[in-house]
2 protein chains.
Amino acid sequence: MVRQREFDEERALDDAMQLFWEKGYKATSLSDLTNKMGIQRPSLYSAFGDKEELFEAALRKYIKLHSSDIRTKLQNNLSVKEAFRTFFEDLVEEEYKGSPSKGCFCINTMVELAPYDEKFEILTREHQMYLSVIFQETIVTGISSGELESSLNAKMLAQTLVVSLIGLTVLMKSRPERSFVDNSVAMILSLLK
Amino acid sequence: MVRQREFDEERALDDAMQLFWEKGYKATSLSDLTNKMGIQRPSLYSAFGDKEELFEAALRKYIKLHSSDIRTKLQNNLSVKEAFRTFFEDLVEEEYKGSPSKGCFCINTMVELAPYDEKFEILTREHQMYLSVIFQETIVTGISSGELESSLNAKMLAQTLVVSLIGLTVLMKSRPERSFVDNSVAMILSLLK
DNA sequence: AGTATAATATACTGAACGGTATAAAATGAT
DNA sequence: ATCATTTTATACCGTTCAGTATATTATACT
């Protein structure tokens, strides 16, 4: 080893993640990437491979962060109902305060790439399955503690919450009236009896 | 008027719709379009304007077809519960038999373009609102006939069903285990009491 | 039949794309 | 201090992109 890399790989990957997250795969050019990452083209290729490999690394990083973020949010609350309520309400609040957020990188990828590339089909599917497991565990906790009715089917309910989360996230991209989203959240949460 | 157009505009627009629906805006090139539509580039420009105008026309056509298709499916049934059940189950069945379908053109556009172009934000939002109205009318019918409990909030429920429809459509792009989707559908339908 | 008009087909434009060859700059090991 | 090695920076590659200029073909009207 002779000359050391001048840029922070993790920092550069984070910049790439933000860009792909915001604009998607096709709409993000290599010039966009090198500008945002602050590195030259050959440095990008030597460090991350081609555009698709960089995208995959960025998505994997997002999925890790997203998973632990959701886990934290759901566990940061004594009440399970309250945890889900603040989780969904914060999701909505984040989207409606000021300028729109970028939505979910994984969901964007499900739409843009999953149908045409098995690698991304699997990656995004496994993330959704993982989220449903986190949800399920949280629901089971609520049942065990007596907060939720023992008649609830934790797995089915968790899967339904994942579907609802996806639906809300995508719907909000069209910026519907807030009441549309609020009503849906309220009704979805009513499933947690 | 002197020389008449050699191609069927409506047919050509339908071809463009299929292509944009399948591949999205950016991933569909003008060469893809002229090949599929069977016309030359200048014919396309003179008949439909530029790529974005053609895309908008294609999306508007899809939205019209989709609206009336859903209206038909929901009204083709004596029981409201049964109508929604077959609607959602057919949606899933269509996706899982053989090769995957193209999903929903409007949802794809919500993800790819709505956040960056107000024209498509409005267009897609209004379609989702329209769908929720169709759903709401159907639910009200069920309440009036006594099939559904009068305590149901038709509007909230309809909006929730739209969110669920979006979530299911997007989730299926990652081709999850069928039970994941079936469970969600069953739980969503349980809201129709 | 001749002419005006509009729709074709061909070929081209400049720009942007993803990716890379080449060479200069920098550093650890000897 | 020199050398081997790897990262930089610049400039370039062929390809594809959306869009158009040009010229040919076909039709309706006179």
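Source: prediction; values computed, not measured.

Asks: I would appreciate a short explanation of the overall build of chain A in the present structure.
Replies: Looking only at helices and strands, chain A features 9 helices and 0 strands. For chain A, the N- to C-terminal ordering of α and β elements is α-α-α-α-α-α-α-α-α. Counting all 193 residues of chain A, 52% fall into the buried class. A sequence separation of at least 24 residues applies to 70% of the contacts in chain A between residues at least 6 apart. Summing over all exposed atoms, chain A offers an accessible surface of approximately 9300 Å²; the carbon and sulfur share of this is 48%. Averaged over its 24 positive side-chain charges, chain A has a centre that lies 1 Å from the centre of its 29 negative ones.

Asks: Explanation requested: the interface of chain A and chain B in the structure shown.
Replies: Each partner contributes to the interface: chain A provides 42 residues, whereas chain B provides 42 residues. Interface area, chain A with chain B, both sides summed: about 3600 Å², of which 73% is carbon and sulfur. At the boundary of chain A and chain B, one finds 0 salt bridges. On the surface where chain A and chain B come into contact, there are 9 residue pairs in polar contact (both at pLDDT 80 or more). Those elements that provide at least two residues to the side of chain A that touches chain B are helix H1 (9-23), helix H6 (105-112), helix H7 (118-144), helix H8 (154-171) and helix H9 (178-189) of chain A. Among the elements that make up the side of chain A that touches chain B, the one with the highest residue count is H8(A) (12 residues). For the side of chain A that touches chain B, the residue count by class is 22 nonpolar, 13 polar and 7 charged.

Asks: Hey, could you run me through the environment of B:Ala158 in this one?
Replies: All names here are of chain B. By the secondary structure assignment, alanine 158 is in helix H8 (residues 154-171). Under the relative-accessibility criterion, alanine 158 is labelled buried at 0%. Sequence-wise, alanine 158 and methionine 172 are 14 residues apart; in three dimensions their C-alpha atoms are separated by 21 Å. The contacts of alanine 158, once residues within four sequence positions are left out, are Ser132, Phe135, Gln136 and Ile139.

Asks: Could you clarify how one ought to interpret the relation of the copies chain A and chain B in this entry?
Replies: The second copy of the chain is related to the first by a rotation about an axis and a shift along the axis. Structural alignment of chain A on chain B gives an RMSD of 0.0 Å, achieved by rotating through 180 degrees and translating 0.0 Å along the axis. In short, the pair behaves as if placed about a two-fold rotation axis. For chain A, the residue whose C-alpha comes nearest the rotation axis is A:Gly167, separated from it by 1.8 Å. A shared binding surface is used by both copies, with 100% of the interface residues of chain A retained as interface residues in chain B.

Asks: Would you mind going over the packing of aromatic side chains with me for this structure?
Replies: Each aromatic ring pair is characterised by the separation of its centres together with the angle its planes make. The full count for this structure, using the stated rule, is 20 aromatic pairs over all chains. Where B:Phe55 meets B:Phe105, the ring centres are 5.3 Å apart and the plane angle is 90 degrees; that geometry is what we call edge-to-face. You can see B:Phe55 sitting in helix H4 (residues 51-75) and its partner B:Phe105 sitting in helix H6 (residues 105-112), a full 50 residues away along the chain. The exposure class of B:Phe105 is buried, given its relative accessible area of 0%. Taken together, the ring pairs in this structure connect A:Phe20, A:Trp21, A:Tyr25, A:Phe55, A:Tyr62, A:Phe105 and A:Phe120 into an aromatic cluster. The ring centre of B:Tyr25 lies 4.4 Å from the NZ or CZ of B:Lys51, which sits over that ring. Over the ring of B:Trp21 we find B:Lys102; its NZ or CZ atom is 4.6 Å from the centre of that ring.

Asks: Please clarify how the packing of H8(A) against helix H9 (residues 178-189) of chain B should be interpreted in this entry.
Replies: How two helices pack is summed up by the angle between their axes together with the distance between the axes. Direction vectors running N to C along H8(A) and H9(B) enclose 90 degrees, while the axes themselves pass 8 Å from each other. Here H9(B) runs roughly perpendicular to H8(A), going by the angle between their axes. Within the contact between the two elements, H8(A) uses A:Met156, A:Leu157, A:Gln159, A:Thr160, A:Val162 and A:Val163 and H9(B) uses B:Ser179, B:Phe180, B:Asn183, B:Ser184, B:Ala186, B:Met187 and B:Ile188.

Asks: Honestly, H9(B) in this entry has me stumped. Any pointers?
Replies: Helical periodicity: at 3.6 residues per turn, an α-helix aligns residues three or four positions apart in one direction. The end-to-end C-alpha separation of H9(B) is 17 Å, in line with the 16 Å expected for 12 residues at 1.5 Å each. Taken residue by residue, H9(B) has B:Phe180, B:Val181, B:Asn183, B:Ser184, B:Val185, B:Met187, B:Ile188 and B:Leu189 as its buried positions. Buried residues along H9(B) sit in contact with H7 and H8 of chain A together with helix H5 (80-96) and H8 of chain B.

Asks: Looking at this structure, I do not really get H6(A). What am I missing?
Replies: Among the 8 residues that make up H6(A), 7 are buried, leaving the element largely enclosed by the rest of the structure. Residues of H6(A) that are buried include every one of A:Phe105, A:Cys106, A:Ile107, A:Asn108, A:Thr109, A:Met110 and A:Val111, and no others. Among the structural elements, H1, helix H4 (51-75), H7 and H8 of chain A together with H6 and H8 of chain B are those in contact with the buried residues of H6(A).

Asks: Quick question: what am I supposed to make of the packing of H1(A) against H4(A) here?
Replies: Residue and element names in this part refer to chain A. At a minimum axis distance of 9 Å, the contact between H1 and H4 shows a crossing angle of 90 degrees. Viewed along their axes, H1 and H4 adopt a mutual orientation that is roughly perpendicular. Residues Glu10, Leu13, Asp14, Ala16, Met17, Phe20 and Trp21 of H1 pack against Lys51, Leu54, Phe55, Ala57, Ala58, Lys61, Tyr62 and Leu65 of H4.

Asks: Just to check I follow, could you spell out the pattern of salt bridges for this structure?
Replies: Where charged atoms from two side chains of opposite charge come close, those side chains can pair. Enumeration over the complete set of coordinates arrives at 30 salt bridges over all chains. As a salt-bridge pair, A:Glu89 and A:Arg85 come within 2.8 Å of each other at their nearest N and O atoms. Here A:Glu89 pairs with A:Arg85, and both are found in helix H5 (residues 80-96), just 4 residues apart, close to one helical turn. Of the residues examined, A:Arg85 reaches a relative accessible area of 33% and is grouped as partly exposed. When the shortest N-O distance is used, the salt bridge between B:Asp32 and B:Lys23 registers 3.1 Å.

Parameters at a glance
- Residues numbered from 1 in each chain as written.
- Chains lettered and ligands numbered in written order.
- Predicted model: local features only at pLDDT ≥ 70, side-chain atom pairs only at ≥ 80, totals over all residues.
- Heavy atoms only, no water.
- Helix = DSSP H or I, 4+ residues; strand = E, 2+ residues; numbered from the N terminus.
- Buried < 20%, exposed > 50% of the residue type's maximum accessible area, 1.4 Å probe, protein only.
- Contact = heavy atoms within 4.5 Å.
- Areas by Shrake-Rupley, 256 points an atom, 1.4 Å probe, with all protein chains shown as cover.
- Lys, Arg positive; Asp, Glu negative; His and termini not counted.
- Charge placed at Lys NZ, Arg CZ, Asp CG, Glu CD.
- Buried area = accessible area lost by both parts, 1.4 Å probe.
- Salt bridge = Lys/Arg side-chain N within 4 Å of Asp/Glu carboxyl O.
- Polar contact = N/O pair within 3.5 Å; in protein donor to acceptor, adjacent residues only side chain to side chain.
- Nonpolar A, V, L, I, M, F, W, Y, C, P; charged D, E, K, R; others polar.
- Least-squares fit on C-alpha atoms with pLDDT ≥ 70 in both.
- Phe/Tyr/Trp six-rings, centres within 6.5 Å; stacked < 30°, edge-to-face > 60°.
- Lys NZ or Arg CZ within 6 Å of the ring centre and 35° of its normal.
- Axes fitted to C-alpha atoms, helices over the stretch in contact; angles between N-to-C directions.
- Parallel < 35°, antiparallel > 145°, perpendicular 65-115°, else oblique.
- Expected span 1.5 Å × (residues − 1).

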